[in-house]
Amino acid sequence: MESLIGMPLNDFLSALASIVIIDLVLAGDNAIVIALAARNLPAHLQKKAILWGTVGAIAVRSVMTLGVVWLLQIPGLLLAGGAALIWIAYQLLANQEEKDDHKPVSTSLWAAMRTIIIADAVMGMDNVLGVAGAAHGSFLLVVLGLLISIPLVVWGSNLVLKLSDRFPIVIYLGSAVLAYTAAKMIITEPLSKAFFETHPLLTVLIYAIIMIAVLGGGYLAQKRASKKAEGIERSA
């Protein structure tokens, strides 16, 4: 058995447990992104988006974990990722377009999956180091940990999707979580981490500005879209 897994069984199970815990911590963010990205799809495509979006995200996370040493050498990576996640969080909140039966559904499905995979990759940047460290260089451990977390991500995505249909405020809460994650990435970027550690008030201000920008901007975008739709209906 030890020859198959490359380490003593007790060490293997301990490392696997650590990776699963790290992945489960991420599962909440994953579920929110997947649910928000899939919510505007027709009902028969939502399950496909959740399933294949999750599979794609897991694949990207696996590759990122393998290349963590190379990724960490890229200056400003977390800063760029945080900025990208701010835009994704805003778009997921602001994009409240009515479903168009004449729009090619494949485009909508692929667009949702693309958003899911990109957002998950961005959010995973500051967590792959923990996974890589716990895996001790074992790709088998990385894959097993991610596979174990898949059912929870899928279940959580479906739950958030159902809740967002009944309670629209869930959409705002989900976007707020993503905005918070984006702010955390920017503040913990190695190039700026020391600066923010010596300026705690500025750290709080960054969190506040990003949260307000995403939630406030998304709310205003929804209002504009709603007024535009009302104007079109009246003129029709």
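The structure we're discussing is the one just above.
Reading the values: rules and limits
Residues numbered from 1 in each chain as written. Predicted model: local features only at pLDDT ≥ 70, side-chain atom pairs only at ≥ 80, totals over all residues. Heavy atoms only, no water. Helix = DSSP H or I, 4+ residues; strand = E, 2+ residues; numbered from the N terminus. Areas by Shrake-Rupley, 256 points an atom, 1.4 Å probe, with all protein chains shown as cover. Core = buried A, V, L, I, M, F, W, Y, C linked by side-chain atoms within 4.5 Å. Buried < 20%, exposed > 50% of the residue type's maximum accessible area, 1.4 Å probe, protein only. Expected span 1.5 Å × (residues − 1). Polar contact = N/O pair within 3.5 Å; in protein donor to acceptor, adjacent residues only side chain to side chain. Contact = heavy atoms within 4.5 Å. Patch = residues over 30% accessible without salt bridge, like charges linked within 9 Å, V, L, I, M, F, W, Y side chains within 5 Å. Salt bridge = Lys/Arg side-chain N within 4 Å of Asp/Glu carboxyl O. Axes fitted to C-alpha atoms, helices over the stretch in contact; angles between N-to-C directions. Parallel < 35°, antiparallel > 145°, perpendicular 65-115°, else oblique. Left-handed = near helix turned anticlockwise from the far one by under 90°. Nonpolar A, V, L, I, M, F, W, Y, C, P; charged D, E, K, R; others polar.

Time to look at the overall build of the chain. Check the secondary structure of the chain and you find 11 helices and zero strands. Summed over its atoms, the accessible surface of the chain is roughly 13000 Å², and 69% of this surface lies on carbon and sulfur atoms.

Another aspect to go through is the nonpolar core. Of all hydrophobic cores here, the largest spans 40 residues; its most connected members are Leu41, Leu85, Leu92, Leu109, Leu178 and Ile210. Of all the elements in the fold, those that place two or more residues in this core are α2 (9-38), α3 (43-66), α5 (77-94), α6 (105-124), α8 (139-166), α9 (169-187) and α11 (200-235). The next biggest cluster of nonpolar side chains, apart from the first, holds six residues, and it includes Phe12, Ala15, Leu16 and Leu141.

In a regular helix each residue adds 1.5 Å, so 18 residues correspond to 26 Å; α5 covers 26 Å between its end C-alpha atoms and thus fits that length. The set of residues buried in α5 consists of Leu77, Leu78, Gly81, Gly82, Leu85, Ile88, Ala89, Tyr90, Leu92, Leu93 and Ala94.

Right, let's get into the side chain of Ser164. Structurally, the position occupied by Ser164 is in helix α8. Side-chain polar atoms of Ser164 contact the backbone oxygen of Leu161, separated by 2.8 Å. Beyond its immediate chain neighbours, meaning those up to four positions away, Ser164 contacts Val170 and Ile171.

Among the surface-exposed residues, Leu152, Trp155, Leu159, Leu163, Phe167, Ile169 and Leu173 lie close enough to one another that they form a single nonpolar patch of about 670 Å² accessible area. Counting residues per element, the nonpolar patch draws most heavily on α8, at four residues. You can see Phe167 is positioned in the loop between α8 and α9.

The subject of this paragraph is the environment of Leu144. Note on placement: Leu144 falls in helix α8. Of the residues examined, Leu144 reaches a relative accessible area of 28% and is grouped as partly exposed. Distance from Leu144 to Val20, taken between C-alpha atoms, is 8.4 Å for residues 124 residues apart in sequence.

On to the packing of α5 against α9. Working note: a packed helix pair is described by the angle between its axes plus the distance between those axes. Taken N-terminus to C-terminus, the directions of α5 and α9 make an angle of 170 degrees; their axes are 8 Å apart at the nearest point. In terms of their interaxial angle, α5 and α9 are classed as roughly antiparallel. For the pair α5 and α9, the sense of crossing is left-handed. Between α5 and α9, the contacting residues are Leu78, Leu79, Gly81, Gly82, Ala83, Leu85, Ile86, Ala89, Leu92 and Leu93 on the first element and Ile171, Tyr172, Ser175, Leu178, Ala179, Thr181, Ala182, Met185 and Ile186 on the second. By residue class, the composition of the contact of α5 with α9 is 15 nonpolar, four polar and no charged.

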